[in-house]
Amino acid sequence: MTALLLYCRPGFEKECLAEVVDAASHKGAFGWANLQPNSGFVLFETEQAEQVYPLLPKLVFTRDGWPVTERLTELDTQDRLTPIIAAIARLEKRNKAGFGNVSCEYAEGDEFHSTSRFASKFVNPLRQALRREGLLTKKERADLPALRLFFSDSSNVIIGVDSPNCRASWPMGVARLKFPAGAPSRSTLKLEEAFIHFLGSDWREQLADHHTAVDLGAAPGGWTWQLVNQKIYVHAVDNGSMDTQLMDTALVDHVQEDGFIWKPKKRVDWLVCDMVEKPAKVARLMYQWLHQQHAKAAIFNLKLPMKKRLHQWQEIKEELDNLIAEQHPSAIFQARHLYHDREEITVYLNLRNQNG
Ligand SMILES: C[S@@+](CC[C@H](N)C(=O)[O-])C[C@H]1O[C@@H](n2cnc3c(N)ncnc32)[C@H](O)[C@@H]1O
């Protein structure tokens, strides 16, 4: 029996499972899971793990995931290494490319804190033993498959091999970003994570020739701060107060207007939006801004209701997919429940209609 290990935000296991079941069924694949509420992971049992695995990067509620090939239970606490190395040696026979890294992983849910401490300590002796046995490259190689071990507790582990193309930007999708000194709110990290996730680690270089942006629902200015930090001039639309230090940069125009009505005089490079409003209303507004060429690309949050979170998103996605298919077939439209997102998801939309 094969499976996929999926990571999600604790509390979103149902959405994670329902979304993967739906995506898999479109490929003629089926599976099931015994959910552990608030654990932060889903073990999706499926005979068609190989077929489903490439779909994971497109899923919204799965932060990271990989195919499971070995399961070891009731490990001897005096010697966990021997059976784990033996299992990995079996895997290596099937994987001629070699392994470029190894990680010991755990679930994010509160119940798993002691396992997280164990796994973080175990990885070093494991790495050394694998190198001694010639089962791991001497230096880390991100271009090769990596060995992934998930400990549900310190005696039970499941093992798999990932593929660099399907790997998330951060192991387990946990974006460890440092809170920047001077940023006015913690939600600044949400926009930073979004840029890295959607544009890639060189996002700052990509933004180097971008000069103007609009931030709808900007106060106190965490998102605006990220843009100003890239020397981008921001029209910050919000009736609330903006951080005074940010205003002192002279790179912010505080517009005290309704974000659903106000429009810029000239098209801007970026539109970002964190207004707390009905998600379908925000998504339509974003599409109209780009379609009517008020901005070139947008990153926005959709606040999802507690119930029917996946259903709400699927309805919005269908509406935008239809508009895009008719009017902007080469558009980029991606969404993700980011590590820094709570009851919301983040969307990247670029209609790629800059020239006309
Ligand atoms: C979650 S906060 C934004 C936080 C901001 N992104 C940051 O990083 O500091 C939502 C903001 O949206 C604003 N807002 C809600 N509805 C709005 C509207 N119709 N027009 C403009 N701003 C609105 C609120 O005043 C609030 O400041």
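Rules used throughout
- Residues numbered from 1 in each chain as written.
- Predicted model: local features only at pLDDT ≥ 70, side-chain atom pairs only at ≥ 80, totals over all residues.
- Heavy atoms only, no water.
- 1 Å grid on protein atoms, 1.4 Å probe; cavity = no way out; pocket = protein on both sides within 12 Å on 5 of 7 lines; lining within 4 Å.
- Points joined across faces, edges and corners; volume = space filled by probe spheres on them.
- Helix = DSSP H or I, 4+ residues; strand = E, 2+ residues; numbered from the N terminus.
- Nonpolar A, V, L, I, M, F, W, Y, C, P; charged D, E, K, R; others polar.
- Domains from an automatic or database assignment.
- Axes fitted to C-alpha atoms, helices over the stretch in contact; angles between N-to-C directions.
- Parallel < 35°, antiparallel > 145°, perpendicular 65-115°, else oblique.
- Contact = heavy atoms within 4.5 Å.
- Salt bridge = Lys/Arg side-chain N within 4 Å of Asp/Glu carboxyl O.
- Buried < 20%, exposed > 50% of the residue type's maximum accessible area, 1.4 Å probe, protein only.
- Phe/Tyr/Trp six-rings, centres within 6.5 Å; stacked < 30°, edge-to-face > 60°.
- Lys NZ or Arg CZ within 6 Å of the ring centre and 35° of its normal.

The name given to the protein in an unreviewed UniProt entry is 23S rRNA (Cytidine(2498)-2'-O)-methyltransferase RlmM, and the organism recorded there is Reinekea thalattae.

Caption draft 1: Highlighting the layout of surface pockets. Its volume calculated, the largest pocket comes out at about 680 Å³. Lining of the largest pocket is provided by 21 residues; of these, Glu19, Lys58, Leu59, Val60 and Lys317 occupy positions nearest its centre. Of all the secondary-structure elements, those providing two or more residues to the lining of the largest pocket are helix 1 (13–25), helix 5 (188–199), helix 10 (309–327) and strand 12 (332–336). The greatest single-element share of the lining of the largest pocket, amounting to five residues, is contributed by helix 10. For the lining of the largest pocket, a count of residues per class yields 11 nonpolar, four polar and six charged. Domain assignment of the residues forming the lining of the largest pocket places at least three in each of domain 1 (3–173) and domain 2 (188–350).

Caption draft 2: Quick look at the packing of helix 1 against helix 10. Direction vectors running N to C along helix 1 and helix 10 enclose 45 degrees, while the axes themselves pass 9 Å from each other. Regarding the angle of helix 1 to helix 10, the classification is oblique. Listed contacts from helix 10 to Glu15, Ala18, Glu19 and Asp22 of helix 1 are Arg309, Leu310 and Gln314. Looking at the contact of helix 1 with helix 10 residue by residue, the classes come out as two nonpolar, one polar and four charged.

Caption draft 3: The arrangement of the pattern of salt bridges in detail. Here the structure, examined in full by the defined rule, presents 18 salt bridges. Notably, a salt bridge pairs Glu105 with Arg148, separated by 2.5 Å at the nearest N-O pair. Here Arg148 lies in strand 5 (residues 146–153) and Glu105 lies in strand 4 (residues 101–105), a separation of 43 residues in the sequence. Taken individually, Glu105 and Arg148 each receive the classification buried, so the pair is uniform in this respect.

Caption draft 4: The arrangement of the packing of aromatic side chains in detail. Overall, the coordinates contain 12 aromatic pairs when judged by the stated rule. Between Phe41 and Phe150, the aromatic rings sit 4.8 Å apart at their centres with planes inclined by 55 degrees, giving tilted as the arrangement. Pair noted here: Phe41 is in strand 2 (residues 41–45) and Phe150 is in strand 5, with a separation of 109 residues, a long-range link. With relative accessibility at 9%, the residue Phe41 sits in the buried group. On the accessibility criterion, Phe150 (2% relative accessible area) is buried. Considering the side-chain rings of Trp313 and Phe333, the 6.0 Å spacing of their centres and the 65 degrees angle between planes classify their relative orientation as edge-to-face. Of this pair, Trp313 sits in helix 10 while Phe333 sits in strand 12, placing them 20 residues apart in sequence. Relative accessible area serves as the criterion here: at 18%, Phe333 is assigned to the buried category. Each residue in the set Phe195, Phe198, Trp203, Trp270 and Tyr348 is aromatic and connected to the rest through ring pairs, giving one cluster. Just above the ring of Phe260 sits the side chain of Lys281; from NZ or CZ to the centre is 4.2 Å. Seen from the ring of Phe12, Arg309 lies directly overhead, with NZ or CZ sitting 3.7 Å from the centre.

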